[in-house]
Amino acid sequence: MRVYLPLTLPRLAELHRTGEVAPAPLTAHAVTPGLREWYLAGGEEELEYAALGRAAHAALALLAADPGAPPRRVVLAVEVADGAARTDPDRALDPEAVSEVVLDTAVPLADVAAVHVDADEAAADVAAAVAALAGAARGDEDARLAVDGAADHELLWYGVQEIDTLV
């Protein structure tokens, strides 16, 4: 099963140094039954893209929690065993959490299939989105537009062997 794990560049550097993303539990995003219901018309590739996008959005909250991190969203595409990712039944009906899964173990570097990272040119929009997160959560329309501005940037794809060039 493919899951998308949001990170920051400092956490990517930690993965590079230690060989794993820890500690568990880790919140990731995947094609869940809830996401399938949310995107009724989407094919498998579109659903994967939606899960990746939701993980990229979750990376904004991680950036907000780490003000020293460079304003670039990072998402790992990770292969996990079937059954290794579980949904939280308490959040299953929350529209913001339809793709959320929980991993109860650390993620080893060997399970990472790819790394998705914002280009440097996205930094200003990502920083603005991070600053606007709280306002967007309160329903402020201008703040929501700022958050959406980060989503306008496509994440770049990197192979696992390229992590050292990113950190």
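Scroll up a little and you will see the structure.
Definitions and limits used
All residue numbers refer to positions counted from 1 along the written sequence of the respective chain. In keeping with the model being predicted, local features are shown solely for residues with a pLDDT of at least 70 and side-chain atom pairs are shown and tallied solely at 80 or more, while totals for entire chains, interfaces and linings include all residues. To get the side-chain values, all heavy atoms of the structure are used, and hydrogens and water are removed first. The term salt bridge refers to a side-chain nitrogen of Lys or Arg lying within 4 Å of a carboxyl oxygen of Asp or Glu. Each helix is a run of H or I in the DSSP string that is no shorter than four residues. Each strand is a run of E no shorter than two, and both are numbered from the N terminus. Buried, partly exposed and exposed residues are distinguished by accessible area as a fraction of the type maximum, computed with a 1.4 Å probe on protein chains only: under 20%, between the cut-offs, and over 50%, respectively. Whenever two N or O atoms come within 3.5 Å, that pair is a polar contact, provided that in protein one can donate a hydrogen and the other can accept it, and provided that, for residues adjacent in sequence, both atoms are side-chain atoms. What makes two residues a contact is simply this: any of their non-hydrogen atoms within 4.5 Å. Think of the arc as the fan of directions from the helix axis to the C-beta atoms.

Draft legend 1. The pattern of salt bridges, seen in detail. Counting across every chain of the model gives 6 salt bridges. A salt bridge links Asp104 to Arg86; the nearest nitrogen and oxygen atoms lie 2.8 Å apart. You can see Asp104 sitting in the loop between strand 6 (100–103) and strand 7 (107–108) and its partner Arg86 sitting in strand 5 (residues 85–86), a full 18 residues away along the chain. In this structure Asp104 comes out as partly exposed when scored by relative accessible area, which is 45%. A salt bridge links Arg144 to Glu141; the nearest nitrogen and oxygen atoms lie 3.9 Å apart. Highlighted residues: Arg144 and Glu141, both in helix 5 (residues 141–151), separated by 3 residues, approximately one helical turn. Take Arg144: its relative accessible area is 36%, and that puts it in the partly exposed class.

Draft legend 2. Main features of the side chain of Arg72. Following the sequence through the fold, Arg72 ends up in the loop between helix 3 (44–65) and strand 4 (74–79). Reaching out from Arg72, the side chain makes a polar contact with the backbone oxygen of Asp118 at a distance of 2.8 Å. A polar side-chain atom of Arg72 sits 3.2 Å from a polar atom in the side chain of Asp120. Apart from the residues lying within four places of it in its own chain, the contact partners of Arg72 are Leu9, Leu63, Val117, Asp118, Ala119, Asp120 and Val126.

Draft legend 3. Structural context of helix 5. Regarding helix 5, the residues found buried are Ala143, Val147, Gly149 and Ala150. Down the axis of helix 5, the sector holding all buried residues measures 145°, keeping them to one side. Structural note: helix 5 exposes Asp142, Leu145 and Ala151 on the side pointing more than 90 degrees away from its buried face. Of the surrounding secondary structure, the elements contacted by the buried residues of helix 5 are helix 3 and helix 4 (123–137). Capping the start of helix 5, Asp140 holds a side-chain oxygen 2.8 Å from the backbone nitrogen of Asp142, two or three residues further along.

Draft legend 4. Seen up close, the environment of Asp104. On a C-alpha basis, the gap between Asp104 and Glu48 in space is 21 Å, while along the polypeptide they are 56 residues apart. Look past the residues within four positions of Asp104 in its chain and what remains in contact with it is Ala24, Pro25, Ala84 and Arg86.

Draft legend 5. How the structure looks around the side chain of Arg54. You can see Arg54 is positioned in helix 3. Apart from the residues lying within four places of it in its own chain, the contact partners of Arg54 are His29, Leu35, Trp38, Tyr39, Pro95, Glu96, Ala97, Val98 and Ser99.

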